Amino acid sequence: MMRNAARKIYIFLIFIFLYAPIIALIVLSFNASRTRAKWGGFTLKWYGELFQNKVILQALWNTLAIALLSALIATVIGTIACISMQGMKRRNRTILMGITNIPMLNAEIVTGISLMLLFISLGIKFGFMTILLAHITFNIPYVILSVMPRMKQLNPSTYEAALDLGASHMQAFFKVVFPDILPGILSGSLMAFTMSLDDFIITHFTKGPGIDTLSTKIYTEVKKGIKPEMYALSSLIFITVLILLILVNCTPKTEPKKEITERSKNSSKKWIAAVVCVILCIVAVFGFSTFKSNQSNEVYVFNWGEYIDPEVLVMFEEETGIKVIYDEYETNEIMYPKVEAGTSAYDVICPSDYMIQKMIENDLLQELDFDNMPNAVANIGAQYYEQSAAFDPGNKYCVPYCWGTVGILYNKTMVEEPVDSWSILWDEKYANNILMQDSVRDAFMVGLKLNGFSMNTLNENELQIAKEALIKQKPLVQAYVVDQVRDKMIGGEAALGVIYSGEAIYTQQENADLEYVIPKEGTNVWIDGWVVPKNAPNKKNAEIFIDYMCREDIALMNFEYITYSTPNEAARALIEDEEIRNSSIAFPDLSQYQNLETFNYLGEDGDELYNSLWKEAMSY
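Along each chain, the written sequence defines residue order, and numbers are assigned to residues from 1. Per-residue local features are limited, in this predicted model, to residues with pLDDT of at least 70; the limit for side-chain atom pairs, both in listing and counting, is 80 or more; totals at the level of whole chains, interfaces and linings are taken over all residues. Side-chain measures here rest on the full set of heavy atoms in the structure, leaving out hydrogens and waters.

A. Quick peek at empty space enclosed by the protein. Cavities and pockets were defined on a 1 Å grid built from protein atoms only: a cavity is a group of points that admits a 1.4 Å probe but offers it no way out, a pocket is an open group of points flanked by protein on both sides within 12 Å along at least five of seven lines, and a lining residue is one with an atom within 4 Å of any such point. Grid points are joined across faces, edges and corners, and a volume is the space filled by probe spheres set on the points. With the rule as written, the count across this model stands at three cavities of 30 Å³ or more. Within this model, the largest cavity holds a volume of roughly 90 Å³. Along the walls of the largest cavity sit 15 residues, with Tyr-401, Met-549, Ala-555, Thr-566 and Pro-567 positioned nearest its centre. The secondary structure listing takes helices from DSSP runs of H or I that are at least 4 residues long and strands from runs of E that are at least 2 residues long, numbered from the N terminus. Looking at the lining of the largest cavity, the elements that each hand over two or more residues are strand 4 (399-411) and helix 23 (552-562). At four residues, the largest contribution of residues to the lining of the largest cavity is made by helix 23. Ten residues, namely Ala, Val, Leu, Ile, Met, Phe, Trp, Tyr, Cys and Pro, are considered nonpolar, four, namely Asp, Glu, Lys and Arg, are considered charged, and the remaining ones, Gly among them, are considered polar. When the residues that make up the lining of the largest cavity are grouped by side-chain class, the tally is twelve nonpolar, three polar and no charged. Taken as a whole, the second largest cavity spans an internal volume of roughly 60 Å³. As for the second largest cavity, its lining consists of 13 residues, and the residues nearest its centre are His-204, Lys-207, Thr-220, Glu-328 and Glu-330. Elements that contribute at least two residues to the lining of the second largest cavity include exactly helix 10 (214-220), strand 2 (323-329) and helix 14 (332-341). No other element matches helix 10, which puts three residues into the lining of the second largest cavity. The class makeup of the residues in the lining of the second largest cavity is five nonpolar, three polar and five charged.

B. Examining unusual backbone geometry more closely. We note that Asn-395 has phi near 50°; this positive angle belongs to a residue other than glycine. Note on placement: Asn-395 falls in the loop between helix 17 (382-388) and strand 4. With a phi angle near 65°, Asn-432 is a residue other than glycine that sits in the positive phi range. Along the chain, the position of Asn-432 falls in the loop between strand 4 and strand 5 (434-437).

What is shown is where atoms sit, not what they do.
Okay, structure coming up:
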C-alpha cells in the first residue's frame, strides 16, 4: 500500500511540474492587467485582440509555413537518402550515418552560427528562404533517424519479385517499399515539423528583416514584457493539441483486421494527398505575398522590441506610400554584429549612446542630411543634441529618439527612511529584497558612482573597488534581473530595485506605493537615437522615416505607448495629463543633479576588462 501511495505521489508531482507552468500561462491569458504581478480581474479581451494583432498573426503564419515546408522537403530528402544508403556497403553506410548525425549532436548555436556564416560567404540575402534552408538542414537527420530502421527491416526479395512480375521501378517502390516504410516517414515528418515549430536559436541567426517566427517574436518582447496576446495564443495552441491527442487516443479499435488494414491504406493515401495540397497552397500564397512585398519603395527599420507604437508604422505607410520592413533586436550587443557583418541591409537603426559611438568609430554609419528632416531640427530640444554630442561629436549621425535615467525604485510600504543614495542598496536590513540590473555596465555604474568614480573609468584600481563593492552586496541581492524588476516591484516581491526611468513610470501606474529617485552620487543619463548605416539601400526613405518619427503627434503616440521619455519638446507640450507632462521621472530637471554621465564606448580592451571583472564578481 505504501508503495502504491508513493507511486501516486510521484506521478502527481510529475504532472504538477509539467503542467503548473501551462496552467499559470492559461490563467494569465484571462488576466485584465498587462502585468503578471497583478490580477486585474477576469477578461477575454486578449483573445479578441490576438486576432486583430497582425504582427503576432504574421509570426504564427511564418512559423507554420516554415515548419510545414521544411518538414515536407526534409522528409523527401531524408527518405531518398535512406534508400540510397541502404544500397551502400556497410562501412560506407556507417560513415555516412555518422556524418548525418553530427547536426543532432552539435549545439544548436554552433549550427546556427555556421549556417549564418555560410549564407554570408555565399552572398545570400537573409529572409524567409534562409530560415527555410536552415530548418531543412537540421531536420533531415531526424527524418533519417526515423526512416532508416524501417529500411533495415525490409526484405529486398519482395522488391525484386515485384520487378520480376513486370512492375516498373517506380511501381515496385510505391507498391512494395513505400507502404512498409510509411510509418517511419510519417514519424520522421512529424518529428521534423515539431523540431521546426519549436526552434529559436537557429532561426535567430538566419532570419532577415521583417521575418519573425513566434519564438523570435516572443524573445524580442522581453525588454518590455511578454504581451498578454501571446499568453492567449499559447493557450489556444495547447488546448488544440490537447483536443487532438484526446481524439486520437479515443478512436475505437474494434474493426476487423482486414478492414483496418484496407482503411489505414486508404486513409494514409488521403492524408498524404491532403498534406501535399496544403503545402502547395502555402507555397502559392507565400509566393504571392513575397511578390507583393518585393517593391522598391521600402524602408528597413531595425529597432528594440516593443519600442514603437505599431499604429505609427501603419500610419507612416498610408501617408507616405513607403512600405516598412520592420525588425527587432533585444540588446545593442545582439544588433551590432548583424549590422557589422552586413547579413541584412537596414536603412534605420535605433542604438544606444555608447553603441552609436562604437559604430561611428568603426565607420558603420553615414552622416544625416538635416535639410531633409525639418521636424528633427525644430522639435528635438537643443539640450538633447548637446548631450548626444558626447558620443556623436557635431551631431552628424544621430537624431535622439528616447532618453531617460537609471535610478532606484522603492516601495514606500517596505522602506521607511528617505532614499537618496546608492548606499541603501548595501543596507543589510533589506537583505533578499534588493533587485540589481543583470548588466555589466549598469551594475558597475552603481558601484562606481557609490564610490565617487566616473562610470566610464578605465582605472583598474577604481574598477577593483567597484568590484569589491558588488561582491560585498551580492549576498543581499534577491536577483539580478532586467525586465523582471518591473513585475517584481509591482507585485511587492522586493523593496528596492535598480530600474530605467521609463519602466518606473509604468510601475507607478500599476502600483501607487512605488517611488523613483535619482541618487545624489549621480547616475547614467542615456539616449537612444535614430541612425542610418553605411550600407543603407534607401537613405532618402530612411530620412523621411526619421523625420516622421520627430513629428510632434507621432512622438506623442510613441511616448504614450512605450512610456520612455521623449526629447521632442513639441510632443511634450501636447501631453494632456499635467502630472505626466511635469513629471520629475519622465522629464527631470537635470540641472538639479551632479555627476550625470552618458555611457561612452570604451573600446574592445575596455569591454574585456569590465566583462572579466563582472565574471569575477558573479563567481563569488
